[in-house]
Amino acid sequence: MAMTTKPWQWGNVHGHDMATPIKGEVVAKLIKAAKRPLLIVGGTALTEKWKDKLLIDFVAELAKTGIPVVATAHSYKALVERGAEPVAVMTVADVTNRLQDPNWSVDGKGKHDLVMYVGVAYQLQSQMLSTLRHFATHLRTLSLDRYFHPNATFSMPNLRHEEWEEVLNNVIKVLKG
């Protein structure tokens, strides 16, 4: 049976083609299956608190699995302090615009096939995902935030904070193991 979910913000409702809601091990398997993933990190990763750490701590662990990371807003310093060197620092809009070119890659090692957003403000992330949905059909997109993003190819459903933390910790476990 297919999982159904509604956009976190009611004004963000689209036609019949919305993101596929996924969670659990499916998220990790999707990332692991990607040949050239890219992770775009926003500034809210510095303020989103879990029990004893911040979302940026998860992002740093994800970066250490070999996924190239683009630091946006003011996330660069926090990633470097956690031992995760981003491959680039640019605005969310700039990296999204560049991703529309099917031959562009952030590190020059080949085009990306999966672009993930995490820690980007909901409204901004929604617009960036909409841009890629309409003008970068060569890419699959995944929102790692806990709110459903209908413009992504794949998105987590609206999750309670504890569920979201569990999913993200499982992603790290699968990618490292």
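Refer to the structure above for everything that follows.
Procedures and definitions
- Numbers given to residues run from 1 along each chain, matching the order in which its sequence is written.
- Where totals are concerned, whole chains, interfaces and linings use all residues; where local detail is concerned, this predicted model gives features only for residues with pLDDT of at least 70, and gives and counts side-chain atom pairs only at 80 or more.
- With hydrogens and water excluded, all non-hydrogen atoms of the structure serve as input to the side-chain values.
- By the criteria applied, helices consist of DSSP H or I runs no shorter than four residues and strands consist of E runs no shorter than two, each listed in order from the N terminus.
- Here an angle of 0 to 180 degrees is reported between the N-to-C directions of two axes, which are lines fitted to C-alpha atoms, with helices fitted over the stretch in contact.
- Here the word oblique covers every angle except those under 35 degrees (roughly parallel), over 145 (roughly antiparallel) and from 65 to 115 (roughly perpendicular).
- Two helices that cross are described as forming a left-handed crossing if the nearer one is turned anticlockwise from the farther one by less than a right angle, and a right-handed crossing if clockwise.
- Contact criterion: two residues are considered in contact whenever any of their non-hydrogen atoms come within 4.5 Å of each other.
- Any residue outside Ala, Val, Leu, Ile, Met, Phe, Trp, Tyr, Cys, Pro, Asp, Glu, Lys and Arg is labelled polar, Gly included; the first ten of those are nonpolar and the last four are charged.
- Note on definitions: the grid is 1 Å and covers protein atoms alone; a cavity is a set of points where a 1.4 Å probe fits but cannot get out; a pocket is an open set with protein on both sides within 12 Å along at least five of seven lines; lining residues have an atom within 4 Å of a point.
- Grid points are joined across faces, edges and corners, and a volume is the space filled by probe spheres set on the points.

Participant: Honestly, the environment of Ser 126 in this entry has me stumped. Any pointers?
Facilitator: Relative to the assigned elements, Ser 126 resides in helix α5 (residues 122-135). Separated by 23 residues in sequence, Ser 126 and His 149 have C-alpha atoms that sit 6.5 Å apart.

Participant: How do you make sense of the packing of helix α2 (residues 55-63) against helix α6 (residues 161-176) when you look at a structure like this?
Facilitator: Packed helices, taken two at a time, are described by the angle their axes make and the gap between the axes. It is at 10 Å that the axes of α2 and α6 come closest, and there the two elements cross at 20°. In terms of orientation, α2 and α6 fall into the roughly parallel class. α2 and α6 meet at a crossing whose hand is left-handed. Facing Leu 55, Phe 58, Glu 61 and Leu 62 of α2, the residues of α6 in contact are Trp 164, Leu 168, Val 171, Ile 172, Leu 175 and Lys 176. For the contact of α2 with α6, the per-class residue count stands at eight nonpolar, no polar and two charged.

Participant: For this particular structure, what's the right way to read the layout of surface pockets?
Facilitator: Over the atoms, a rolled probe matching the size of one water molecule traces out where space is still vacant. Volume-wise, the largest pocket comes out at about 180 Å³. In terms of lining, the largest pocket is formed by 14 residues, of which the most central are Thr 44, Glu 48, Val 120, Asp 145 and Tyr 147. A breakdown of the residues in the lining of the largest pocket according to their chemical character gives seven nonpolar, four polar and three charged. If you add up the space inside the second largest pocket, you get close to 160 Å³. Around the second largest pocket, the lining comprises 13 residues; the ones closest to its centre are Arg 133, Leu 139, Asn 151, Ala 152 and Thr 153.

These figures capture arrangement, not role.
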